[in-house]
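Observations on the model geometry
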Amino acid sequence: MNHGTENTGTDAFLSVRPRLFAVAYRMLGSVADAEDILQDAYLRWQSAPRGEVRDPTGYLVRVVTRLCLDQLKSARVKRETYTGAWLPEPLLTEDPAELIDHDVSVALLLALERLTPLERAAFLLHDVFGNSHDEVASALDRSPSACRQLVSRARRHVQSERPRSQVAPEESRALTEAFFRASKTGDMAALTQLLAQDVELVSDGGGKAMAALNPIYGSDKVMRLAEGLARKYGAHLPPRWRFAMLNGLPAILSQEPEGLVQATALEIRDGRIAKVYVIRNPEKTAHLAAVL
């Protein structure tokens, strides 16, 4: 391959890279794994016969999708033996250049996690990225009718899981910061006003940091947990923390006493906090230390 062709190939890859990352991240729920997939896809792209590739974008999406499907086979085994609750690796979405088109919410990623790999790929390619059933069939090496069924099953499941209300940015930030202050200082009166009665808290430590092994349901139990942690570690805010948008959700990044970076993201419904996602696994939050 001459340098001119190589440069053209690199430019073509870079132009579609944001979409390829979007596919890989939604498929795998991991920033690091998505980046690894893109590296592998680039190497394959460099050795591809250019004259035979009529649609570079379609070709690269197929390569990334198939690499992700292979990765999911081993990823599912890892998650079956994962310590405690599993949450996707948080993705910073406050910079327009980093905000992947469409939804990357935790709710969507968890809903995708419950699908089979083929259902996940078919749904993402068709409903999220707008590929036709024929294009999805080509990417997955399945018939168009089979892909229609995959998309239909996935869509029903995803729609039942996704949050249905939108919150003004100012309100979500105020509620998020108020929750963080109240939970860290043990202010139970404030938490009572902030939490929905059926609030759910999911904490992911991955066996590498302290976290609840199972989801915690109900405002009383969530408040008892916050009160106990404030008593144990001191009722005060950490020295470094800030508001952020993670996966399209209002969140707080904080430097915890153990030295790790914690990500706390919230889903808000009818003016109350309905879900709390706390990611403490240092392997999932280390990449956020630079923006804290």
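The paragraphs below set out a description of the structure included in this document.

1. Quick look at the overall build of the protein chain
- Looking only at helices and strands, one finds 11 helices and six strands in the protein chain.
- For the protein chain, whose C-alpha radius of gyration is 21 Å, the value lies close to the compact-globule estimate of 19 Å for 292 residues.
- Each principal axis of the C-alpha distribution contributes one length, and for the protein chain these read about 65 × 40 × 40 Å.
- Taking all 292 residues of the protein chain together, the buried fraction comes to 49%.
- Considering only intrachain contacts with a sequence separation of at least 6, the fraction spanning at least 24 residues in the protein chain is 66%.
- Separation between the mean location of the 36 positive side-chain charges and that of the 37 negative ones in the protein chain comes to 4 Å.

2. Quick look at the environment of Pro49
- Considering the arrangement of structural elements, one finds Pro49 in the loop between helix 2 (31-46) and helix 3 (56-80).
- What makes Pro49 partly exposed here is its relative accessible area of 42%.
- Taking the C-alpha atoms as reference points, Pro49 and Pro257, 208 residues apart in sequence, are found 53 Å from one another.

3. What about the packing of aromatic side chains?
- Counted under the stated rule, the structure contains four aromatic pairs.
- Both rings, one in Phe21 and one in Tyr25, keep their centres 6.0 Å apart while their planes meet at 10°; by these two values the pair is stacked. Taken together, the positions of Phe21 and Tyr25, both in helix 1 (residues 3-28) and four residues apart, correspond to about one turn of that helix.
- Exposure remark for Tyr25: the relative accessible area of 0% places this residue in the buried category.

4. Considering the packing of helix 4 (residues 106-113) against helix 5 (residues 117-128)
- Where helix 4 contacts helix 5, the two axes come as close as 9 Å, and the packing angle between them is 135°. Taken together, helix 4 and helix 5 sit at an angle that is classed as oblique. Of helix 5, the residues touching helix 4 (which contributes Leu108, Leu112 and Glu113) are Arg120, Phe123 and Leu124.
- Looking at the contact of helix 4 with helix 5 residue by residue, the classes come out as four nonpolar, no polar and two charged.

5. Things to note about unusual backbone geometry
- Even without being glycine, Asn247 reaches a positive phi, approximately 55°.
- Looking at Asn247, the relative accessible area reads 3%, which means it is buried.
- Of note, Asp270 is a non-glycine position whose phi angle comes to about 55°, a positive value.
- The exposure class of Asp270 is exposed, given its relative accessible area of 70%.

6. Some thoughts on the environment of Glu227
- Inspection of the secondary structure puts Glu227 in helix 10 (residues 219-233).
- Each C-alpha atom of the pair Glu227 and Gly186 lies 4.9 Å from the other, and the pair is 41 residues apart in sequence.

Calculation criteria
- As a convention, each chain's residues are numbered from 1 in the sequence order in which they are written.
- Per-residue local features of the predicted model are confined to residues with pLDDT of at least 70, and side-chain atom pairs are confined, for both listing and counting, to 80 or more; whole-chain, interface and lining totals are unaffected and use all residues.
- The side-chain figures draw on all heavy atoms in the structure; neither hydrogens nor water molecules are used.
- Note on conventions: DSSP H or I runs of at least 4 residues are helices, E runs of at least 2 residues are strands, and numbering of each starts at the N terminus.
- C-alpha atoms define the radius of gyration in this analysis, and the globule rule sets the expected value at 2.2 Å times the number of residues to the power 0.38.
- The rule is simple: take the accessible area with a 1.4 Å probe, protein chains only, and divide by the maximum for that residue type; under 20% is buried, over 50% is exposed, in between is partly exposed.
- It only takes one pair of heavy atoms within 4.5 Å for two residues to be counted as in contact.
- We score Asp and Glu as negative and Lys and Arg as positive, and we do not count His or the chain ends.
- By convention, charge coordinates are those of NZ in Lys, CZ in Arg, CG in Asp, or CD in Glu.
- By convention, a stacked pair of Phe, Tyr or Trp rings (six-membered ring in the case of Trp) has centres within 6.5 Å and planes under 30 degrees apart, an edge-to-face pair has planes over 60 apart, and any other such pair is tilted.
- Every angle, taken between N-to-C directions, lies between 0 and 180 degrees, and every axis is a line fitted to C-alpha atoms, over only the stretch in contact when it is a helix.
- Working definition: roughly parallel below 35 degrees, roughly antiparallel above 145 degrees, roughly perpendicular at 65 to 115 degrees, and oblique for all remaining angles.
- Asp, Glu, Lys and Arg are counted as charged, while Ala, Val, Leu, Ile, Met, Phe, Trp, Tyr, Cys and Pro are counted as nonpolar; the rest, among them Gly, fall into the polar class.

On their own, these measurements won't tell you what the molecule is for.
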